[in-house]
Amino acid sequence: MSDVDASQKPTIIELLSFRVGGQDYAIDVASTREIRGWTTPSELPDTPVHILGMINLRGDVLPLLDLAARLGLKTPEVNERSVIIVTEVDNSTVGLLVDAVSDIIAPSEEEMQPPPEAVKSDEDPCVRALTVIGEKMIRVLELSSVMPSTLGTPDQLVSG
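Cut-offs used in this document
Residues numbered from 1 in each chain as written. Predicted model: local features only at pLDDT ≥ 70, side-chain atom pairs only at ≥ 80, totals over all residues. Heavy atoms only, no water. Helix = DSSP H or I, 4+ residues; strand = E, 2+ residues; numbered from the N terminus. Buried < 20%, exposed > 50% of the residue type's maximum accessible area, 1.4 Å probe, protein only. Pairing = 2+ DSSP bridges. Salt bridge = Lys/Arg side-chain N within 4 Å of Asp/Glu carboxyl O. Phe/Tyr/Trp six-rings, centres within 6.5 Å; stacked < 30°, edge-to-face > 60°. Lys NZ or Arg CZ within 6 Å of the ring centre and 35° of its normal. Axes fitted to C-alpha atoms, helices over the stretch in contact; angles between N-to-C directions. Core = buried A, V, L, I, M, F, W, Y, C linked by side-chain atoms within 4.5 Å. Contact = heavy atoms within 4.5 Å.

## Quick look at unusual backbone geometry
The phi torsion of most residues other than glycine is negative, and most of the peptide bonds are trans.
Piece 1. Positive phi, close to 55°, is recorded for Asp-46, a residue that is not glycine.
Piece 2. Along the polypeptide, Asp-46 turns up in the loop between β3 (32-37) and β4 (51-57).
Piece 3. Phi is positive for Asp-90, which is not a glycine, with a value near 50°.
Piece 4. If you trace the backbone, Asp-90 turns up in the loop between β6 (83-89) and β7 (92-98).
Piece 5. Asp-90 gets classed as partly exposed once you look at its relative accessible area, which sits at 47%.

## Brief notes about the pairing of strand β10 (residues 136-141)
Piece 1. Where strand β2 (residues 23-28) lies against β10, two bridges are found, and the strand directions are parallel. If you follow Ala-26 over to β10, its bridge partner there is Val-140.
Piece 2. Examined bridge by bridge, strand β9 (residues 127-133) and β10 share six bridges and lie antiparallel to one another. When the sheet's bridge partners are listed, Ile-133 is paired in β10 with Lys-136.
Piece 3. Where β9 folds back onto β10 in an antiparallel hairpin, the turn is made up of two residues, including Gly-134, whose phi is positive at roughly 65°.

## Quick look at the pattern of salt bridges
Piece 1. Applying the stated criterion across every chain, the model contains three salt bridges.
Piece 2. In this structure, the salt-bridge partner of Arg-58 is Glu-34, at a minimum N-O distance of 2.3 Å. Taken together, the residues span a long stretch of sequence, with Arg-58 in the loop between β4 and β5 (60-66) and Glu-34 in strand β3 at a distance of 24 residues.
Piece 3. The exposure class assigned to Arg-58 is exposed, which follows from its relative accessible area of 63%.

## Some remarks on the packing of aromatic side chains
Piece 1. Here the structure, examined in full by the defined rule, presents one aromatic pair.
Piece 2. Each ring, one from Phe-18 and one from Tyr-25, has its centre 6.4 Å from the other, and the planes form 20°; the classification is stacked.
Piece 3. Positioned above the aromatic ring of Tyr-25 is the side chain of Arg-139, whose terminal nitrogen or guanidinium carbon lies 5.4 Å from the ring centre.

## Overview of the sheet that holds β7
Piece 1. Ordered by their spatial adjacency, five strands build an open sheet running β3-β6-β7-β5-β4, and the pairing between neighbours is mixed. If you trace the sheet from one side to the other, it starts and ends with β3 and β4, each paired once. Along the sheet, successive strands turn relative to each other by an average axial angle of 30°, direction set aside.
Piece 2. Two elements, β6 and β7, share seven bridges in a ladder whose sense is antiparallel. Residue Thr-87 lies in a different strand from β7, and its bridge partner there is Val-94.

## What about the environment of Glu-80?
Piece 1. In this structure, Glu-80 sits in the loop between α2 (67-70) and β6.
Piece 2. Among the residues examined, Glu-80 registers a relative accessible area of 69% and is labelled exposed.
Piece 3. Residues Glu-80 and Trp-38, 42 residues apart in the sequence, show an inter-C-alpha distance of 6.1 Å.

## What to know about the nonpolar core
Piece 1. Among the nonpolar cores identified, the biggest contains 21 residues, and Phe-18, Leu-65, Leu-67, Leu-96 and Met-147 are the most heavily contacted of them.
Piece 2. Every element with two or more residues in this core is listed here: β1 (15-20), β2, α2, β6, β7 and α3 (143-146).
Piece 3. Residues in contact with Leu-67, not counting those within four places in the same chain, are Phe-18, Val-20, Leu-96, Leu-97, Val-98, Leu-141 and Val-146.

## Some words on the pairing of β7
Piece 1. Among the seven residues in β7, seven count as buried, and that is most of the element.
Piece 2. Here β7 shows two buried faces, one formed by Ser-92, Val-94, Leu-96 and Val-98 and the other by Thr-93, Gly-95 and Leu-97.
Piece 3. Strand direction decides the pairing type here: β5 and β7, joined by three bridges, are parallel. By the bridge assignment, Leu-65 is partnered in β7 with Leu-96.
Piece 4. Connecting the antiparallel pair β6 and β7 is a turn made up of two residues, with Asp-90 showing a positive phi of about 50°.

Shown next as structure tokens:
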């Protein structure tokens, strides 16, 4: 294969897809530390409604974020089938409560489209791209917009 062929090869992005609030989303696999079953969090007073509390991950305390509530979606009942995706964003580890993990997908850069201008927010957009896999439209999240780095510690959580 020549250098010209290699430079024209489309860039593939690996994403972890999941369901939340009855919709399909994905995040970069590189930001995913682990996937675990439901753990009841320890609640903290005076936290935003989308913060369920703190969980213990092998001695590390991390915030658990209700991703549906954070995205303004209907929050489903938490049950034994609920899943926590442990992610690392801006050097902060955070748990995301989701309905179910679907698959690892690998769309090319060309298969990802920016959200339409009509639905973009003036603030940091939570959805950075859209891709269609089969019949599903998958929203690719910008984790740094969903979880600001100020969620890094319990002290910052309470004051934020």
